[in-house]
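What the coordinates show
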Amino acid sequence: MQAMELRAPRSALRWTERADPVPGPGEIRLRVTACGVCRTDLHVVDGELPDAQLPVVPGHEIVGRIDALGPGVDGLRLGERVGVPWLGHTCGTCPYCAGGQENLCDRPLFTGYTRDGGFATAVVADARYAFPLGDQGDDVALAPLLCAGLIGWRALVMAGPARRLGLYGFGAAAHILAQVAAWQGRSVYAFTRPGDEASMAFARRLGAVWTGSSEEVPPEPLDATILFAPVGALVPLALAAVRKGGRVVCAGIHMSDIPSLPYRLLWHERQLVSVANLTRQDGLDFLALAPRVGVVTHTTRYALRDANRALDDLRHGRFDGAAVLVP
Ligand SMILES: [Zn+2]
Ligand SMILES: [Zn+2]
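This section reports on the structure supplied with the text. Each chain carries its own residue numbering, running from 1 in the direction its sequence is written. Each chain takes a letter, starting from A, and each ligand takes a number, starting from 1, following the order in which they are written. Side-chain atom pairs in this predicted model are given and counted only at pLDDT of 80 or more, local residue features only at pLDDT of at least 70, and totals for whole chains, interfaces and linings cover all residues. Derived side-chain values reflect all non-hydrogen atoms in the structure, with water molecules and hydrogen atoms excluded from consideration.

The subject of this paragraph is the coordination of the zinc ion (ligand 2). Donor criterion used throughout: N, O or S atom within 2.8 Å of the metal, extended to 3.2 Å for Na, K and Ca. Water excluded; incomplete-looking sites may result. Those donors, Cys38 (SG), His60 (NE2) and Cys147 (SG), are the protein atoms that reach the zinc ion (ligand 2), and they lie 2.0 to 2.2 Å from it. When the donors of the zinc ion (ligand 2) are listed by position in the chain, the intervening gaps give C-x21-H-x86-C. With Cys38 in the loop between β3 (27-37) and α1 (39-45) and Cys147 in the loop between α3 (139-142) and α4 (148-159), this residue pair connects regions lying 109 residues apart in the sequence. To sort residues, take the accessible area from a 1.4 Å probe on protein chains only and compare it with the maximum for the residue type: under 20% means buried, over 50% means exposed, and anything in between is partly exposed. Given a relative accessible area of 12%, Cys38 falls into the buried group. The secondary structure listing takes helices from DSSP runs of H or I that are at least 4 residues long and strands from runs of E that are at least 2 residues long, numbered from the N terminus.

Pasting the structure below:
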């Protein structure tokens with residue numbers, strides 16, 4: 001197999017040849033057909049997340065077909081198309097797992113971070129955390145659903161029944177969520193980097209009723225906002241944009257420091273919360289919903305060997321929607 005491997009933080013991924021990994025008990029091996037590139041991959045490469053298991057192959061929006069089954073795998077078959085998300089394993093016994101919050105597990109494994117991911121031609125995954133994808137839809141189009149889509153979905157659920165919904169950072173997650181939110185009858189207010197006319201136009205095409213710079217105040221107070229941009233300075237702005245009792249959801253795994261803010265921005269029962277990881281139920285719920293919504297992902301394809309270029313383009317906002325690596 002070939003893979004793009006991170007050997008040290010803040011360095012480029014390196015092209016690597018390895019023996020095909022062998023699936024252990026309860027594991028499957030996939031031939032990767034597409035793997036999305038997520039901002040979390042950038043945080044891993046940039047050394048912004050603690051305890052990465054180096055060397056590691058990044059990538060946690062994996063679509064592929066099963067080509068080997070380890071002992072004891074039930075319910076999946078050779079040749080089946082599956083998706084492998086960020087949540088790679090949970091312990092099943094800690095208080096969070098026992099309490100229905102496996103996203104907060106004390107002893108988890110995360111794909112492309114603490115176990116090898118999908119910037120590769122093959123990957124081994126715990127079968128219980130892989131989602132059957134059926135045969136409808138294109139592999140490249142499906143890949144961004146596996147993180148941008150389903151962690152975005154968890155954030156949308158966390159935002160509550162907000163009719164007026166603000167989205168800060170109009171990248172891979174927001175471009176999917178805007179479609180879901182519009183389908184649900186919500187009004188989407190999209191905030192982009194100042195002067196980013198292309199992203200504003202993209203948001204309007206996907207149903208946003210208002211677009212503006214993240215420094216702007218929306219024309220009416222919002223019921224909730226979700227922050228996809230990893231920029232702590234947006235938190236006070238997002239709090240200022242929501243009504244009394246409104247909620248601000250931070251959806252990223254990493255964010256620059258949040259500046260100090262006057263208490264009046266939080267006063268009146270405004271809430272500031274974060275979303276961490278996903279549960280398998282989030283994945284099942286979202287992957288069932290996406291075809292009903294008719295979510296169309298906008299993707300830019302890169303060859304697997306060009307993973308560094310894809311990450312760089314993501315860092316600089318050089319494409320709309322999501323980047324997907326194709327081996
Ligand atoms: Zn656990
Ligand atoms: Zn991700």
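The term nonpolar core refers to a set of buried residues drawn from Ala, Val, Leu, Ile, Met, Phe, Trp, Tyr and Cys, joined through side-chain atoms within 4.5 Å. Grouped together as the largest cluster of nonpolar side chains are 92 residues, with contacts concentrated most on Ile28, Phe119, Leu167, Phe170 and Ile226. Within the second largest apolar cluster, 16 residues are counted, among which are Tyr168, Trp210, Ala238 and Ala241.

The subject of this paragraph is the coordination of the zinc ion (ligand 1). The coordination sphere of the zinc ion (ligand 1), as far as protein atoms go, consists of Cys91 (SG), Cys94 (SG), Cys97 (SG) and Cys105 (SG), spread over 2.3 to 2.4 Å. Taken together, the four donor atoms coordinating the zinc ion (ligand 1) span angles of 104 to 118° at the metal, a pattern that classifies the geometry as tetrahedral. With a relative accessible area of 7%, Cys105 lands in the buried category. The rule is simple: four donors are tetrahedral if all their angles sit between 85 and 135 degrees, four are square planar and six octahedral if opposite donors span more than 155 degrees and the others lie between 65 and 115, and anything that fits none of that is irregular.

Below, the discussion takes up the packing of aromatic side chains. Here a pair means two rings of Phe, Tyr or Trp (six-membered ring of Trp) with centres within 6.5 Å. Their orientation is stacked below 30 degrees between planes, edge-to-face above 60, and tilted elsewhere. As enumerated under the stated definition, the model contains ten aromatic pairs in all. Ring centres 4.8 Å apart and planes at 10° place the aromatic pair Trp86 and Phe110 in the stacked group. In this pair, Trp86 sits in the loop between β5 (81-84) and β6 (87-89) while Phe110 sits in strand β7 (residues 109-110), placing the two residues 24 residues apart along the sequence. Given the relative accessible area of 3%, Trp86 is considered buried. Phe110 gets classed as buried once you look at its relative accessible area, which sits at 10%. For the pair Tyr189 and Trp210, a centre-to-centre distance of 6.2 Å together with 40° between the ring planes defines the contact as tilted. With Tyr189 in strand β11 (residues 187-192) and Trp210 in strand β12 (residues 210-213), the pair connects residues that are 21 residues apart, well separated along the chain. Residue classification places Tyr189 among the buried positions, given a relative accessible area of 4%. Among the aromatic residues, ring-to-ring pairing joins Tyr168, Tyr189, Phe191 and Trp210 into one connected group. Criterion for a charge above a ring: Arg CZ or Lys NZ at most 6 Å from the ring centre, at most 35 degrees from the ring normal. The lysine or arginine in question, Arg305, covers the ring of Trp15, its NZ or CZ lying 4.0 Å from the ring centre.

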